[in-house]
Amino acid sequence: MDLQLRHLRALVAVADTGTFTDAGAELGVSQAAVSRAIAALEEALGVPVLERTTRRVALTATGTQVLAGARRILDEITHLRRLAESRRGELRIGYAWAALGKHTRRLQRAWATGHPGTPLVFVHTNTPTAGLSDGAADVAVIRRPLDDPRFATALIGAETRCAAVATDNPLARRRTLHLRDLARYPVAIDARTGTTTLDLWHPGPEPATIRTTHGVDEWLTLIAAGQAVGVTSEATANQNPRPGVAYRTLRQTPRIDVRLAWWCDDPPAGLDDLVRLSRAAYASGLP
């Protein structure tokens with residue numbers, strides 16, 4: 001039986017995202033590659049694990065059991081990887097859209113002063129856990145709710161929201177905007193890792209058109225082309241300047257809580273100091 005880890009990762013990604021296309025985006029491969037991996041898994045096991053129709057993908061009864069086993073195996077692989085990589089002598093901070101924005105350099109300088117032998121390395125990874133679940137990061141910057149009992153979190157600060165519009169959009173001429181100003185344009189939303197949901201517009205009118213994106217680069221490309229507008233944190237505006245994109249502060253919108261997250265059963269060395277320094281960086285308000 002030629003069962004490979006990539007087959008298990010494909011099954012977990014499809015179960016988590018609900019579609020082969022979104023699973024491919026999460027894994028960084030094509031939809032066809034995900035389909036081939038699932039077919040190979042089913043051939044290796046000799047049973048179907050997914051039911052496919054033109055409208056939905058669902059787990060079979062056997063697939064539900066296989067999924068639970070796949071998660072356990074991948075978690076163990078991640079744990080082994082973390083154990084090995086922790087010997088590299090660096091602390092990896094994962095993020096999906098932006099690190100700590102204008103506070104990133106201040107945190108790095110403060111950390112280097114107190115921990116000269118342990119570099120603080122920021123790692124971009126477009127997953128809901130910002131690299132925690134796959135072992136790419138030891139700690140993650142999280143701006144969305146993380147309802148996963150495997151991880152603990154600590155609030156370190158809050159950020160204002162910004163609108164992102166094309167520089168030739170009339171809205172770019174204004175210094176500040178309201179959500180209602182955006183509703184008549186297509187709005188680009190990354191439902192997996194972004195911080196924007198339609199709840200932001202409640203109780204006002206929602207945008208008539210939603211453009212689904214998969215990561216900050218695709219999101220920015222749509223906006224620069226004038227094909228959509230977007231809403232994001234001030235950290236994205238600070239860390240991701242893009243020709244053709246103008247960021248404008250959004251008024252009367254809730255701020256975005258910023259948290260650090262880590263594995264409950266394996267907190268990295270220096271975690272308490274990292275949380276303290278991160279909170280101090282946000283409290284200072286200085287870049």
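Cut-offs used in this document
Residues numbered from 1 in each chain as written. Predicted model: local features only at pLDDT ≥ 70, side-chain atom pairs only at ≥ 80, totals over all residues. Heavy atoms only, no water. Helix = DSSP H or I, 4+ residues; strand = E, 2+ residues; numbered from the N terminus. Rg over C-alpha atoms; globule rule 2.2 N^0.38 Å. Buried < 20%, exposed > 50% of the residue type's maximum accessible area, 1.4 Å probe, protein only. Contact = heavy atoms within 4.5 Å. Areas by Shrake-Rupley, 256 points an atom, 1.4 Å probe, with all protein chains shown as cover. Lys, Arg positive; Asp, Glu negative; His and termini not counted. Charge placed at Lys NZ, Arg CZ, Asp CG, Glu CD. 1 Å grid on protein atoms, 1.4 Å probe; cavity = no way out; pocket = protein on both sides within 12 Å on 5 of 7 lines; lining within 4 Å. Points joined across faces, edges and corners; volume = space filled by probe spheres on them. Nonpolar A, V, L, I, M, F, W, Y, C, P; charged D, E, K, R; others polar. Domains from an automatic or database assignment. Phe/Tyr/Trp six-rings, centres within 6.5 Å; stacked < 30°, edge-to-face > 60°. Pairing = 2+ DSSP bridges. Axes fitted to C-alpha atoms, helices over the stretch in contact; angles between N-to-C directions. Arc of directions from axis to C-beta.

Enquirer: With reference to specific residues and values, describe the overall build of the protein chain.
Expert: Helix and strand counts for the protein chain stand at 9 helices and 13 strands. Relative to a compact globule of 287 residues, whose C-alpha radius of gyration would be 19 Å, the protein chain shows 21 Å and is just as compact. Taken over 287 residues, the protein chain has a buried fraction of 46%. Nonlocal contacts in the protein chain, meaning residues at least 24 apart in sequence, comprise 71% of its contacts between residues at least 6 apart. If you sum the accessible surface of the protein chain, you get close to 14300 Å²; carbon and sulfur atoms cover 51% of it. Within the protein chain, one finds 35 positive and 29 negative side-chain charges whose respective centroids are separated by 8 Å.

Enquirer: Mind laying out empty space enclosed by the protein, listing which residues take part and the relevant values?
Expert: By the definition in use, this model includes 1 cavity of 30 Å³ or more. Estimates place the volume of the largest cavity at around 210 Å³. Trp97, Arg143, Thr193, Gly194 and Thr195 are, among the 24 residues lining the largest cavity, the residues nearest its centre. Secondary-structure elements contributing two or more residues to the lining of the largest cavity are strand E5 (139-142), strand E9 (187-189) and strand E11 (230-233). For the lining of the largest cavity, the leading source of residues is E11, giving 3 residues. Among the residues making up the lining of the largest cavity, the classes are represented as 11 nonpolar, 9 polar and 4 charged. Formed jointly, the lining of the largest cavity draws a minimum of three residues from each of two domains, domain 2 (88-158 + 257-284) and domain 3 (161-254).

Enquirer: Lay out the packing of aromatic side chains in plain terms, naming residues and giving numbers.
Expert: Using the criterion set out here, one finds 2 aromatic pairs in the structure. Centroid distance Trp97 to Trp219: 5.1 Å. Interplanar angle 70°. Geometry classified as edge-to-face. Taken as a pair, Trp97 in the loop between strand E3 (91-95) and helix H5 (104-114) and Trp219 in helix H7 (residues 216-224) lie far apart in primary sequence, 122 residues in all. For Trp219, a relative accessible area of 1% gives the class buried. Look at Phe151 and Trp263: their rings are 4.8 Å apart centre to centre, the planes differ by 75°, and that puts the pair in the edge-to-face class.

Enquirer: A description of the sheet that holds E3 should follow, citing residues and the corresponding values.
Expert: The strand order across the open sheet built from 5 strands is E4-E3-E5-E13-E6, with neighbouring strands paired in mixed fashion. At either margin of the open sheet sits one strand with a lone partner, and together these are strand E4 (120-124) and strand E6 (151-159). Within this sheet the neighbouring strands show an average axis-to-axis angle of 25°, counted without direction. Looking at chain direction, E6 and strand E13 (residues 256-263) are connected through 8 bridges and run antiparallel. Looking at E13, one finds that Ala158 is bridged to Asp257. Sheet strands in contact with H5 are E3 and E4, and its direction is about 145° off that of E4.

Enquirer: Kindly report on H7, identifying the contributing residues and their values.
Expert: Buried residues of H7: Val216, Trp219, Leu220, Leu222 and Ile223, and no others. An end-on view of H7 places all buried positions within 160° of arc, on one side of the element. Backbone geometry just downstream of H7 places Gly226 in the positive-phi region, at approximately 75°.

Enquirer: Explain the layout of surface pockets to me, and be specific about the residues and the numbers.
Expert: Looking at the largest pocket, its volume works out to about 1000 Å³. Contributing to the lining of the largest pocket are 35 residues, with Val12, Asp16, Glu26, Ser133 and Asp134 lying nearest its centre. Those elements that place two or more of their residues in the lining of the largest pocket are helix H1 (5-17), helix H2 (20-27), helix H3 (31-45) and helix H4 (61-85). Of all the elements, H1 adds the most residues to the lining of the largest pocket, at 7 residues. The residue makeup of the lining of the largest pocket, split by class, is 15 nonpolar, 7 polar and 13 charged. Domain assignment of the residues forming the lining of the largest pocket places at least three in each of domain 1 (5-82) and domain 2 (88-158 + 257-284).

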